[in-house]
Amino acid sequence: MAGEAPRRGLLDTNIMILRSRIAPEELPDEMAISAVTLAELSAGPHEVRPDTEQDFYFEATERARRLDVLQRAEHEFDPIPFDADAARAYGRVTAAVIAAGRKPRRRAADLMIAATAIVAELPLYTTNPDDFVGLDHLVTVIPVIRPEVPNERHSGQ
């Protein structure tokens, strides 16, 4: 659309994980990630559960997929740091979550990502908008349709 400014936004970690399945028109033209997202993606390969503990994915395949997401993020993005300004914004985010009757400790990484979006003055794109309930006066949350992800062990592949 002529004359429209490019959309900018901060991607939640779930967007990075599911990005290959998300329709490109649902995402901003100019994308950024938080250092907190990079931390979550870095932990992901280590959190893969063994085949003996779950039947949703194959352990080796899932670890490789998570490493691929991490490597692509590291190559494509220069993460916005969680700095002193973001730490102060995190205090406001925590207060808003408590005022909404929710517990902030259970969602610390999500709230740190929201604080980063606030400081960077970027809307936050997520497939999990419920994670950010009570923050609408602090940050613009853009819901993205969560794509269906097949159960790799039971999809006939």
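So, here is what we can say about the structure in this document. Computed from a predicted structure; not experimentally measured.

Calculation notes
Residues numbered from 1 in each chain as written. Predicted model: local features only at pLDDT ≥ 70, side-chain atom pairs only at ≥ 80, totals over all residues. Heavy atoms only, no water. Salt bridge = Lys/Arg side-chain N within 4 Å of Asp/Glu carboxyl O. Phe/Tyr/Trp six-rings, centres within 6.5 Å; stacked < 30°, edge-to-face > 60°. Buried < 20%, exposed > 50% of the residue type's maximum accessible area, 1.4 Å probe, protein only. Axes fitted to C-alpha atoms, helices over the stretch in contact; angles between N-to-C directions. Helix = DSSP H or I, 4+ residues; strand = E, 2+ residues; numbered from the N terminus. Parallel < 35°, antiparallel > 145°, perpendicular 65-115°, else oblique. Contact = heavy atoms within 4.5 Å. Nonpolar A, V, L, I, M, F, W, Y, C, P; charged D, E, K, R; others polar. Pairing = 2+ DSSP bridges. Left-handed = near helix turned anticlockwise from the far one by under 90°. Expected span 1.5 Å × (residues − 1). Arc of directions from axis to C-beta.

## Looking at the pattern of salt bridges
Here comes step 1: Within the structure shown, the criterion is met by seven salt bridges.
Here comes step 2: One salt-bridge network, held together by shared partners, links Glu62, Arg65 and Arg66.

## Re the packing of aromatic side chains
Here comes step 1: Applying the stated criterion across every chain yields a total of one aromatic pair.
Here comes step 2: Here the aromatic rings of phenylalanine 82 and tyrosine 90 are separated by 6.4 Å at their centres, their planes lie at 80°, and the arrangement is edge-to-face.
Here comes step 3: Residue phenylalanine 82 is classed as partly exposed on the basis of its relative accessible area, which comes to 27%.
Here comes step 4: Taking the relative accessible area as the measure of exposure, tyrosine 90 reaches 22% and is therefore partly exposed.

## Topic: the packing of helix α2 (residues 35-43) against helix α5 (residues 108-120)
Here comes step 1: As a packed pair, α2 and α5 sit with axes 8 Å apart at the nearest point and diverge in direction by 150°. What the angle tells us is that α2 and α5 run roughly antiparallel. Facing α2, whose interface residues are Val36, Thr37 and Glu40, α5 presents Ala109, Met112 and Ile113.
Here comes step 2: Considered class by class, the residues forming the contact of α2 with α5 number four nonpolar, one polar and one charged.

## As for the sheet that holds strand β4 (residues 141-143)
What links the strands of a sheet is backbone hydrogen bonding, and the strands pair in either a parallel or an antiparallel sense.
Here comes step 1: Strand order in the open sheet formed by four strands is β2-β1-β3-β4, with parallel pairing between adjacent strands. Two strands bound the open sheet, and with one partner strand each, they are β2 (30-32) and β4. Between one strand and the next, the sheet's axes are offset by a mean angle of 35°, whatever the strand orientation.
Here comes step 2: Strand direction decides the pairing type here: strand β1 (residues 8-11) and strand β3 (residues 124-126), joined by two bridges, are parallel. What sits directly across from leucine 11, in β3, is tyrosine 125.

## Examining the environment of alanine 96
Here comes step 1: The topology assignment puts alanine 96 in helix α4 (residues 84-99).
Here comes step 2: Along the sequence, alanine 96 and valine 133 sit 37 residues apart, while their C-alpha atoms lie 9.1 Å from each other.
Here comes step 3: For alanine 96, the residues in contact, after removing those within four places along its chain, are Gly134, Leu135, His137 and Leu138.

## What to know about the packing of α2 against helix α3 (residues 59-76)
Here comes step 1: It is at 8 Å that the axes of α2 and α3 come closest, and there the two elements cross at 150°. Accordingly, the angle class assigned to the pair α2 and α3 is roughly antiparallel. The handedness of the crossing between α2 and α3 is left-handed. Two secondary-structure elements touch here, α2 through Leu38, Leu41 and Ser42 and α3 through Val69, Leu70, Ala73 and Glu74.
Here comes step 2: A per-class count over the contact of α2 with α3 returns five nonpolar, one polar and one charged.

## Quick word on α3
Here comes step 1: Counted at 1.5 Å a residue, the expected span for α3 with its 18 residues is 26 Å, and the 26 Å between its end C-alpha atoms agrees.
Here comes step 2: Considered for burial, the residues of α3 that qualify are Glu62, Val69, Leu70 and Ala73. One face of α3 carries all of its buried residues, which in axial projection span an arc of 95°. Opposite its buried face, α3 presents the exposed residues Ala60, Arg72 and His75, each directed more than 90 degrees away.
Here comes step 3: Close packing links the buried residues of α3 with α1 (13-18) and α2.

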